[in-house]
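# Residue-level structural notes
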Amino acid sequence: MAEEILEMKNIIKDFPGVRALDHVNFALEKGEILALVGENGAGKSTLMKVLSGVWPYPTYEGDIYLDDQLVRFDNTREAEEAGIGIIHQELNLLPDLSVAENIFLDRQPLNKFGGIKWEELYHNAEKVLARLNMNIDPRIELGDLTVGKQQMVEIAKALSLDTRILVFDEPTSALTESEINELFIVINELRASGVSIIYISHKMEEIEEIADSVVVLRDGATIGDKIQIDQVTLDEIITRMVGRDINDLFPKKEFQKGEKTLEVKNISIPDPFNPDKKLVDDVSFAAYKGEILGISGLMGAGRTELVNAIFGVYGKKREGDIYLKEQKINIKSPADAIDNGIALVTEDRKELGLLLDKDIVMNMTLPSIKKFSSKFAMDNHAERTVAEKYIDELNIKTPSPDVFVEKLSGGNQQKVVIGKWLITDSDILILDEPTRGIDVGAKTEVYRLMNQLVEAGVTVIMISSELPEIMGMSDRIIVMSEGKKTAELERSEADQETIMKYATGNKGVE
Amino acid sequence: MKKFIKNNGTFIALIVLVIILSFASPSFLSSRNLTNLVRQVTINGIIAVGMTMVILLAGIDLSVGSVVGLSAVAVTLLMQAGLGIWLAILITLVGVGGVIGFFNGFMSAKFDIHPFIITLGIMTIARGLSLVLTQGVSVPVTNMTFAVIGSGYIPKLPSLIILVIALILGIFAMFKTSIEVRKGEKVRNKAKLTVGIILIVIGFIAGFYSFIGYQGIPIPVAIFAVVVMAGAYTLRKTRFGRKLYAIGGNEEVAWLSGINILRSKTMVFVITGVLSAASGILLASRLNGASPNLGDGFELDAIASVIIGGTSFMGGVGTVTGTVIGAIIIGVINNGMSLLGINSFYQMIVKGFIIILAVMIDVLNRKETA
């Protein structure tokens, strides 16, 4: 058996009213890539905060052993010095400083006057970057790098601290395919050089590709023992995560296609930074009752811009016409769209979907406040009753409707956003990346809900970057590339290769 | 208990301040002094109610002091020109307060300019207008009945009846909330309810002692009370109030949820403009005339009251009740230091420190809860 570098034993962490970690046990071997998986709110982040000294002893109970030595960190600095590094989902870097300064922040080599020895700094940075086989000039400003390269700088920073245990928290959420591949190569090299890795992710395919072993957390407790990745199927992992069988990840139901509800003709949105370019370029499509229309495409293909245009976000800058049940309608603002029965669940729920420091009730009833007020006064009783109903129907886990939404996990926050738009009783529901960043269990719940809505006569339009999701849930698929609609595919004609071909702008032979 | 102190810090600070002053200066607690104190608070307090809404939207209105000055001048000159009292007041409220407020709100919301800039401009423009209209000298009020608005009293017996009705209504409201809490329809901790009842009872006793013990409720105080109640009701209960909290919380989210940002923002600045004009009219009435420099620096007291009262400068969080306590604290400090014979130059310094202290406490509290 390989030597254990880290062992966490019986870790308990309580927050007021909830036990976030309940006797968590796991061990990490030298040179191992261990995937830590679990639904949002399962306790992964809390566990890593305990490990990295964000929560010092004795705010938690239990023991952490590093090389069989009991350690108790008072702060993150001590954990860093002991060789524990974390690559956060949101990078912790300063975009206006050079790459080298970011790597050696606060640890720059100084001359005797306290000035920075620049050449030595750059040289040291080059050495660290070389360990990652990264061809990045340490002199350039960090902000000029792509997100993927910035992440490499963050990894380099961790390596420069002699990190022996490196935690990746959802590292691929902002990366492109090729950047993900590059990242995996680096992670494998790190393992080869003896660094042990804890890899947190929602994406099962990634875990299958990169991890040696898996530990599942559910409701703050480890479920079963650590398992080697080759001795387990993805379905088994998912079952452990959600505590129930998920036979079908995409519970797609087909209904009778009904009347044409929404039709858009020749929608264009000019690019504010480039007059020769268009964010959305002459897109037309129709959506029908009883179907889910999927919109696929790569990042920056103009999908979000297209649905925003329909929702009135661009005001008068939008070109083209919008028809509801064959009637031309005039949408100049989101308020107009809502009045016409169109709802948009935005992609960025934290910045565009929710009032984070407000309670669930207020968030849910915001687009429909007219329904919950007489001429002047709000009917607090009515809005509360409706909010409670949707909390119940959407299975939102919260102690009360008065909880601030920032306290909820990602999946539950997403359900609040969806609930907020369901309360408007809109005929057309547009979902922009409805399952991004939420866990498998919550995803399936969202899919089931989409089925119910379609059955109830709502026209559902879904943007998704995940091909399995688009193919699994849509009746028809529009593919976009560089602002243009490049294909419209029936469910039966859509496979990954075809969609990708159109998404990359390649018209192909067909 | 610790939480109780933290949540009601300003209120406790006010009580401590009152206790200290009542020992330091025997005349502080006299009915006459307290009546005067409250009347002084009203001028700033009426503006501060509007300012609460502005800051709730993460905005600022620097023009309120100049609007006070211009309104005082306008109402005086209109009466000199032979207009009746009520017509002069109406024209001033709408023509000065309403129009300036509309301009402030519309310009900043429509063209997405920070209200700091717009209202800074208007601040100078309105002050310049007052100077132009008066040629730089004070103008006297010619209509003697006009003085009643700012200096008159509601007689003792009606005052007593009003106070008792307010007490009964207040306790009734608390009682209703406590039933809702028991039914589980509202989660509101008991401490808050207790504070509410304490506030109502203290308010009643203080009101009884100061007003009935002197000459009755001053008319400006009655006007202030109405403004406060209307403001608190607007923010807590109305659709408009809900929209303000939403916009202050996250303007983009509010807009995407169908809220008309332009209309709400403009409305808030109009309200603030009209309230500032009302304050200016009261001041002119009290002083029996207007000088073009009236209201100079009032924006600072109004902003300070709002901030001391716990409204967040970042927007989205704040209450009118808090602002009233903030305004009273500033009034007590001004009044107390005058009683103690502290030079008004030093008063400014002390006030500045208190504002910084209030914000510091707020920031530290927030950090702890985050």
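Before going into details, it helps to say that this report is about the structure given with it. A quick note: this is a predicted structure, and the numbers were derived from the prediction, not measured.

The helix and strand inventory of chain B stands at 16 helices and 4 strands. Projected onto its principal axes, the C-alpha positions of chain B cover 60 × 55 × 40 Å. Taken over 370 residues, chain B has a buried fraction of 48%. Here the contacts in chain B between residues at least 6 apart in sequence split such that 79% fall between residues at least 24 apart. Roughly 17400 Å² of accessible area belongs to chain B as shown, and the carbon and sulfur atoms make up 73% of that amount. For chain B, the distance from the average position of its 26 positive side-chain charges to the average position of its 11 negative side-chain charges is 11 Å.

With that settled, the discussion passes to the sheet that holds strand E7 (residues 165-169) of chain A. All names here are of chain A. On the basis of which strands lie adjacent, the open sheet formed by 6 strands has the order E6-E7-E8-E3-E9-E10 and mixed pairing. The open sheet terminates on both sides in strands that have one partner only, identified here as strand E6 (84-87) and strand E10 (221-228). Between one strand axis and the next, the sheet turns by 20° as a mean value, whatever way the strands run. The pairing of strand E3 (residues 33-37) with strand E8 (residues 196-200) spans 4 bridges and is classified as parallel. Its bridge partner lying in E8, Leu34 is registered against Ile198. Relative to the sheet, helix H6 (residues 177-192) contacts E3, E7 and E8, its axis offset from that of E8 by approximately 145°.

Attention shifts here to the interface of chain A and chain B. Listed by partner, the interface residues are 34 residues for chain A and 23 residues for chain B. Counting the surface lost from both chain A and chain B, the interface buries some 2300 Å², and carbon and sulfur atoms represent 60% of this. Between the two partners, chain A and chain B, sit 1 salt bridge. For Glu383(A), the salt bridge is made with Arg242(B), and the minimal N-O distance between the two is 2.7 Å. Sorting the residues of the side of chain A that touches chain B by element identifies helix H10 (334-339), helix H11 (349-353), helix H12 (360-365), helix H13 (380-393) and helix H14 (410-422) of chain A as the ones contributing at least two each. Here the residues of the side of chain A that touches chain B sort into 16 nonpolar, 8 polar and 10 charged.

Now for a nonpolar patch on the surface. Residues and elements named next belong to chain B. Taken together, the side chains of Leu339, Leu340, Ile342, Phe345, Tyr346, Met348, Ile349, Phe353, Ile356, Met360 and Leu364 define a hydrophobic patch exposed on the protein surface, amounting to about 1200 Å² of accessible area. Here Ile342 lies in the loop between helix H15 (320-339) and helix H16 (344-369). What makes Ile342 partly exposed here is its relative accessible area of 33%.

Let us now look at the environment of Leu287(B). Residues and elements named next belong to chain B. Structurally, Leu287 is set in helix H13 (residues 261-287). Overall, Leu287 belongs to the partly exposed group, its relative accessible area being 48%. Sequence separation of Leu287 and Ile329 is 42 residues, and the distance between their C-alpha atoms is 24 Å.

In this section: the environment of Thr459(A). All names here are of chain A. Along the polypeptide, Thr459 turns up in strand E18 (residues 459-463). Using a relative accessible area of 1% as the deciding quantity, one classes Thr459 as buried. Taking the C-alpha atoms as reference points, Thr459 and Ala221, 238 residues apart in sequence, are found 40 Å from one another. Beyond its immediate sequence surroundings of up to four residues, Thr459 is in contact with Thr261, Ala287, Tyr288, Lys289, Glu291, Asp427, Ile428 and Leu429.

Residue and element names in this part refer to chain A. Pairing is antiparallel in the open sheet, where 4 strands are placed in the order E12-E11-E14-E15. Each edge of the open sheet is held by one strand with a lone partner, namely strand E12 (274-288) and strand E15 (327-329). Taking each pair of neighbouring strands and ignoring which way they run, the sheet shows an average axis angle of 25°. In the sheet, strand E11 (residues 260-271) pairs with strand E14 (residues 319-324) via 5 bridges, with the strands oriented antiparallel.

Before going further, it helps to spend a moment on the packing of helix H3 (residues 31-56) of chain B against helix H10 (residues 219-237) of chain B. Residues and elements named next belong to chain B. H10 packs onto H3 with a crossing angle of 20° between their chain directions and a minimal axis gap of 9 Å. Taken together, the axes of H3 and H10 lie roughly parallel to each other. Seen from above, H3 lies across H10 with left-handed handedness. On H10, the residues touching Val38, Arg39, Val41, Thr42, Gly45, Ile46, Val49, Thr52, Met53 and Leu56 of H3 are Pro220, Val221, Ile223, Phe224, Val227, Val228, Gly231, Thr234 and Leu235. Taken together, the residues of the contact of H3 with H10 sort by class into 13 nonpolar, 5 polar and 1 charged.

All names here are of chain A. One pass over the structure, following the stated rule, counts 31 salt bridges over all chains. Here Glu120 ties to Lys117 by a salt bridge, and the two come within 3.6 Å at their closest N and O atoms. For Lys117, a relative accessible area of 34% gives the class partly exposed. Across the pair Lys252 and Asp475 runs a salt bridge, and its minimum N-O distance is 2.9 Å.

The next subject is unusual backbone geometry. Residues and elements named next belong to chain A. In this structure, the amide linkage connecting Tyr57 to the following residue, Pro58, adopts the cis form with an omega of 5°. Along the chain, Pro58 falls in the loop between helix H1 (44-51) and strand E4 (60-66). A positive phi angle, near 55°, is found at Asp162, a position not held by glycine.

An α-helical turn contains 3.6 residues, so a residue and the one three or four places further along point in the same direction. Its 13 residues place the ends of H14(A) 18 Å apart at the C-alpha level, agreeing with the 18 Å of an ideal helix rising 1.5 Å per residue. For H14(A), the buried fraction is high: 13 of the 13 residues fall into the buried class.

A word on the packing of aromatic side chains. Residue and element names in this part refer to chain A. Inspection of the entire model under this criterion finds 8 aromatic pairs over all chains. An angle of 70° between the planes, with centres 6.2 Å apart, marks the rings of Phe184 and Tyr199 as edge-to-face. Residue Phe184 is located in helix H6, and its partner Tyr199 is located in strand E8; the two are separated by 15 residues in the primary sequence. Aromatic side chains Phe311 and Trp421 sit 5.8 Å apart centroid to centroid with 85° between the ring planes, which places their arrangement in the edge-to-face category.

Rules used throughout
Residues numbered from 1 in each chain as written. Chains lettered and ligands numbered in written order. Predicted model: local features only at pLDDT ≥ 70, side-chain atom pairs only at ≥ 80, totals over all residues. Heavy atoms only, no water. Helix = DSSP H or I, 4+ residues; strand = E, 2+ residues; numbered from the N terminus. Buried < 20%, exposed > 50% of the residue type's maximum accessible area, 1.4 Å probe, protein only. Contact = heavy atoms within 4.5 Å. Areas by Shrake-Rupley, 256 points an atom, 1.4 Å probe, with all protein chains shown as cover. Lys, Arg positive; Asp, Glu negative; His and termini not counted. Charge placed at Lys NZ, Arg CZ, Asp CG, Glu CD. Pairing = 2+ DSSP bridges. Axes fitted to C-alpha atoms, helices over the stretch in contact; angles between N-to-C directions. Buried area = accessible area lost by both parts, 1.4 Å probe. Salt bridge = Lys/Arg side-chain N within 4 Å of Asp/Glu carboxyl O. Nonpolar A, V, L, I, M, F, W, Y, C, P; charged D, E, K, R; others polar. Patch = residues over 30% accessible without salt bridge, like charges linked within 9 Å, V, L, I, M, F, W, Y side chains within 5 Å. Parallel < 35°, antiparallel > 145°, perpendicular 65-115°, else oblique. Left-handed = near helix turned anticlockwise from the far one by under 90°. Expected span 1.5 Å × (residues − 1). Phe/Tyr/Trp six-rings, centres within 6.5 Å; stacked < 30°, edge-to-face > 60°.

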